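Observations on chain architecture
Spelled out, the chains give:
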Amino acid sequence: MATRRIISQEKSLLEKDDRIGSSPAASEKSNITPAVPTSVIMKLLAFTLAMIVVPIGSYFVTVDNLFKGNSTYAGALAAIMANMVLIGYIVVAMAEDQSDALGPANVEKKKDR
């Protein structure tokens, strides 16, 4: 035999949503901190700006002043400068990664003393 539901006692979805804080997570404060630290984002923005400004700037500064209108040499220097910015970013990123890896170990050593 099938059982009958008493519909008058059940709440509809709209009636359930009227209560504020009905879910367990509603009472907890949400964590809105970014997943990536601000220092990492600032370094990325700085190197992005450098990747745009340094090669173009070096091209236009050297095409007339240093290379006397030879755009091939000025373009080669701009490519070299772009690679230097990229290598600088890699070095900074690796140094930051190593400092993050060594950070908790240094804290543990200080606690042992």
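Residues numbered from 1 in each chain as written. Predicted model: local features only at pLDDT ≥ 70, side-chain atom pairs only at ≥ 80, totals over all residues. Heavy atoms only, no water.

As enumerated under the stated definition, the model contains three aromatic pairs in all. Centre to centre, the rings of Phe47 and Tyr89 are 5.3 Å apart; their planes meet at 70 degrees, and the pair counts as edge-to-face. Note that Phe47 is positioned in helix H2 (residues 38–65) and Tyr89 in helix H3 (residues 71–112), a separation of 42 residues in sequence. Owing to a relative accessible area of 22%, Phe47 belongs among the partly exposed residues under this scheme. (Phe/Tyr/Trp six-rings, centres within 6.5 Å; stacked < 30°, edge-to-face > 60°. Helix = DSSP H or I, 4+ residues; strand = E, 2+ residues; numbered from the N terminus. Buried < 20%, exposed > 50% of the residue type's maximum accessible area, 1.4 Å probe, protein only.)

In this numbering, the UniProt entry assigns the feature "transmembrane region" (unreviewed entry) to residues 40–61 and 73–92. With 100% helix and 0% strand, residues 40–61 has its two end C-alpha atoms placed 31 Å apart. Here residues 73–92 runs as 100% helix and 0% strand, with 29 Å between its end C-alpha atoms. (UniProt positions renumbered as here; feature names shortened; annotations may be inferred.)

Turning next to the pattern of salt bridges. One pass over the structure, following the stated rule, counts one salt bridge. Across the salt bridge formed by Lys43 and Glu96, the nearest N and O atoms sit 3.2 Å from each other. Here Lys43, found in helix H2, pairs with Glu96, found in helix H3; they are 53 residues apart in sequence, far enough to count as distant. Given a relative accessible area of 32%, Lys43 falls into the partly exposed group. (Salt bridge = Lys/Arg side-chain N within 4 Å of Asp/Glu carboxyl O.)

Relative to the 40 Å expected for 28 residues at 1.5 Å per residue, H2 spans 39 Å between its end C-alpha atoms, a close match to the ideal helical length. Considered for burial, the residues of H2 that qualify are Pro55, Ser58, Thr62 and Val63. (Expected span 1.5 Å × (residues − 1).)

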